[in-house]
Amino acid sequence: MRGVNRFTLLGKAIRIDSTTISAISSGTIRHRLPQFAPYGTFSIGNTQWLSHSLIDHLGISNPSVVRSIGGVMYSSAAAASLNQHVHPDELPRAAEFKPKEVVLYQYEACPFCNKVTAFLDYYNIPYQIVEVNPINKKEIKWSNYKKVPIVTVEGEQMVDSSDIIDKLLIKMHPDYDLNGDEEKKWRGWVDQHLVHVLSPNIYRTVPEALESFDYITTRGNFGFTERLVSKYGGAAAMYFVSKKLKKRHNITDERAALYGAAEQWVDALKGRKFLGGSDPNLADLAVFGVLRPIRHLKSGRDMIQHTRIGEWYSEMERRVGQPSRISGQS
Ligand SMILES: N[C@@H](CCC(=O)N[C@@H](CS)C(=O)NCC(=O)O)C(=O)O
């Protein structure tokens, strides 16, 4: 067994020349390599909706403020300076799937992006990160799709976290049955229920909203002014918007909803190590992916302390292991 410090590894992996423009794969896709790609991401929703929320609910109408705050307000995450103990032999590998270049365009704090990174890390597929500026999105100007995550595999574009994972898995295991009842049901539960419980929790109080935005703006790809405006403006705005979200999703007590979701998941395991049995399946990876960024925020700490999910979560951390992201060309 070997101990791997995730931050130390990333510290090495993320030093990339931010001004380097590199042609990806066939040379048809050009992108700006990330300045840094820290570990742990989380955010929910889309900016368009958020912009409407700001205008509708908060009376904020200055377009640049709306864009600036809206670009990040659903985001939060936690630093994951965890010691990982991973045995190389335990890492599942994509036997026949050895793409030369996998690039993930992401927001550091996006839950959907984190689903994808959990999958790539678990299967030990090397990938490059391009951290997208949520305000001007210049890194994904080349694409018609305006959300993240976007993945390119040797130039082939894939969008939408679940579709990306399905496509990658089928490339690795062409016979895999993606319609397995239990796995499909719980993957759907992640997108339709779990992610909606997270925002009201991470922006529940003003200190929690500030904690979340401190992470988002520190780790994400922001300019200096964008960072300041987003941090305080975003935290304040999101504190109020999260109250609206509570109502929208019929949540009366944020923590009760989070703890309830965690317990629901543990019940679904029915005493098994993972939903997939002795190994994680796609539902395990999806739940883990969206929870990973909040793990070290107050809401995540509370969740671990007050529910039974901790054992499964720790086991997932061990099995997903260290990020398989690689540094780009410099
Ligand atoms: N269903 C999509 C949702 C993706 C999504 O909503 N991503 C958000 C970030 S968490 C986004 O890019 N929103 C648009 C924006 O920020 O402008 C998926 O699973 O990938």
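Rules behind the numbers
Residues numbered from 1 in each chain as written. Predicted model: local features only at pLDDT ≥ 70, side-chain atom pairs only at ≥ 80, totals over all residues. Heavy atoms only, no water. Helix = DSSP H or I, 4+ residues; strand = E, 2+ residues; numbered from the N terminus. Buried < 20%, exposed > 50% of the residue type's maximum accessible area, 1.4 Å probe, protein only. Contact = heavy atoms within 4.5 Å. Areas by Shrake-Rupley, 256 points an atom, 1.4 Å probe, with all protein chains shown as cover. Expected span 1.5 Å × (residues − 1). Bend = angle between axes of the 7 residues up to and from the residue. Lys, Arg positive; Asp, Glu negative; His and termini not counted. Salt bridge = Lys/Arg side-chain N within 4 Å of Asp/Glu carboxyl O. Axes fitted to C-alpha atoms, helices over the stretch in contact; angles between N-to-C directions. Parallel < 35°, antiparallel > 145°, perpendicular 65-115°, else oblique. Nonpolar A, V, L, I, M, F, W, Y, C, P; charged D, E, K, R; others polar. pLDDT = per-residue confidence, 0-100. Core = buried A, V, L, I, M, F, W, Y, C linked by side-chain atoms within 4.5 Å. Phe/Tyr/Trp six-rings, centres within 6.5 Å; stacked < 30°, edge-to-face > 60°.

(A) Quick peek at the overall build of the protein. Summing up its helical and strand segments, the protein has 12 helices and eight strands in all. Taking all 330 residues of the protein together, 56% fall into the buried category. The contacts of the protein with a sequence gap of at least 6 include a subset with a gap of at least 24, amounting to 77%. Of the roughly 14,000 Å² of accessible surface on the protein, 51% is carried by carbon and sulfur atoms.

(B) Structural detail: helix α8 (residues 224-248). Under the 1.5 Å per step criterion, the end-to-end length of α8 is 34 Å for 25 residues, consistent within 8% with the ideal 36 Å. Its axis deflected by about 30° at Gly-234, α8 carries its strongest bend there. Within α8, burial applies to Ser-230, Lys-231, Gly-234, Ala-235, Ala-237, Met-238, Val-241, Ser-242, Leu-245 and Lys-246. With its phi angle positive at about 55°, Asn-250 sits one or two positions after the end of α8.

(C) The side chain of Lys-137, seen in detail. Tracing the backbone shows Lys-137 in the loop between β6 (128-131) and β7 (150-153). The buried charged residue Lys-137 lacks any salt bridge partner; its closest oppositely charged side chain belongs to Glu-139, at an N-O distance of 9.9 Å.

(D) Highlighting the packing of helix α10 (residues 282-291) against helix α12 (residues 310-320). Running from N to C, α10 and α12 cross one another at 100°; their axes reach a closest spacing of 11 Å. Between α10 and α12, the angle is such that the two are roughly perpendicular. Here Asp-284, Leu-285, Val-287, Phe-288 and Leu-291 of α10 lie close against α12, whose contacting residues are Trp-312, Tyr-313, Met-316, Glu-317 and Val-320. Split by residue class, the contact of α10 with α12 holds eight nonpolar, no polar and two charged.

(E) Summary view of the environment of Ala-235. Relative to the assigned elements, Ala-235 resides in helix α8. Between the C-alpha atoms of Ala-235 and Tyr-203, which are 32 residues apart in sequence, the distance is 7.4 Å. Among residues more than four places away in sequence, those in contact with Ala-235 are Ala-209, Leu-210, Phe-213 and Ser-230.

(F) Structural view of unusual backbone geometry. Cis geometry marks the peptide bond from Val-148 to Pro-149, where omega comes out at 5°. As for its placement among the helices and strands, Pro-149 is situated in the loop between β6 and β7. Residues other than glycine seldom take positive phi values, yet Glu-154 does so here, at roughly 50°. Locating Glu-154 in the fold gives a position in the loop between β7 and β8 (156-159). A relative accessible area of 38% means that Glu-154 is categorised as partly exposed. Positive phi outside glycine occurs at Asp-160, with the angle close to 75°. With respect to the secondary-structure elements, Asp-160 resides in the loop between β8 and α5 (161-172).

(G) Structural context of the confidence of the model for the protein. Of the residues in the protein, 70% reach a pLDDT of 70 or more, and the chain-wide mean stands at 76. Counting interchain partners and residues more than four positions distant, the pLDDT-below-50 stretch residues 1-61 has 193 contacts.

(H) Local environment of the nonpolar core. The biggest cluster of nonpolar side chains holds 79 residues, and the ones touching the most others in it are Phe-119, Trp-265, Leu-291, Ile-309 and Trp-312. Ignoring anything within four residues of it in the chain, the contact list for Trp-265 reads Trp-186, Trp-189, Leu-275, Ala-283, Asp-284, Val-287, Ile-309 and Trp-312.

(I) Molecular detail of the pattern of salt bridges. All chains considered together, the criterion is met by 20 salt bridges. For Arg-187, the salt bridge is made with Asp-166, and the minimal N-O distance between the two is 2.9 Å. Note that Arg-187 is positioned in helix α6 (residues 181-202) and Asp-166 in helix α5, a separation of 21 residues in sequence. In terms of burial, Arg-187 and Asp-166 fall into one category: buried. As a salt-bridge pair, Asp-302 and Lys-298 come within 3.1 Å of each other at their nearest N and O atoms. Of this pair, Asp-302 and Lys-298 both sit in helix α11 (residues 298-306), separated by four residues, roughly a single helical turn.

(J) Just the packing of aromatic side chains, in detail. Summed over the entire model, instances satisfying the criterion amount to 11 aromatic pairs. Ring plane angle 45° and centroid distance 5.1 Å describe the contact between Phe-288 and Tyr-313, whose orientation is recorded as tilted. Of the two residues, Phe-288 sits in helix α10 while Tyr-313 sits in helix α12, which places them 25 residues apart along the sequence. Each member of the pair, Phe-288 together with Tyr-313, is buried. Judged by centre distance (6.4 Å) and plane angle (65°), the ring pair of Trp-312 and Tyr-313 falls under edge-to-face. Here a set of aromatic residues connected by ring pairs shows up, and it is made of Trp-186, Trp-189, Trp-265, Phe-288, Trp-312 and Tyr-313.

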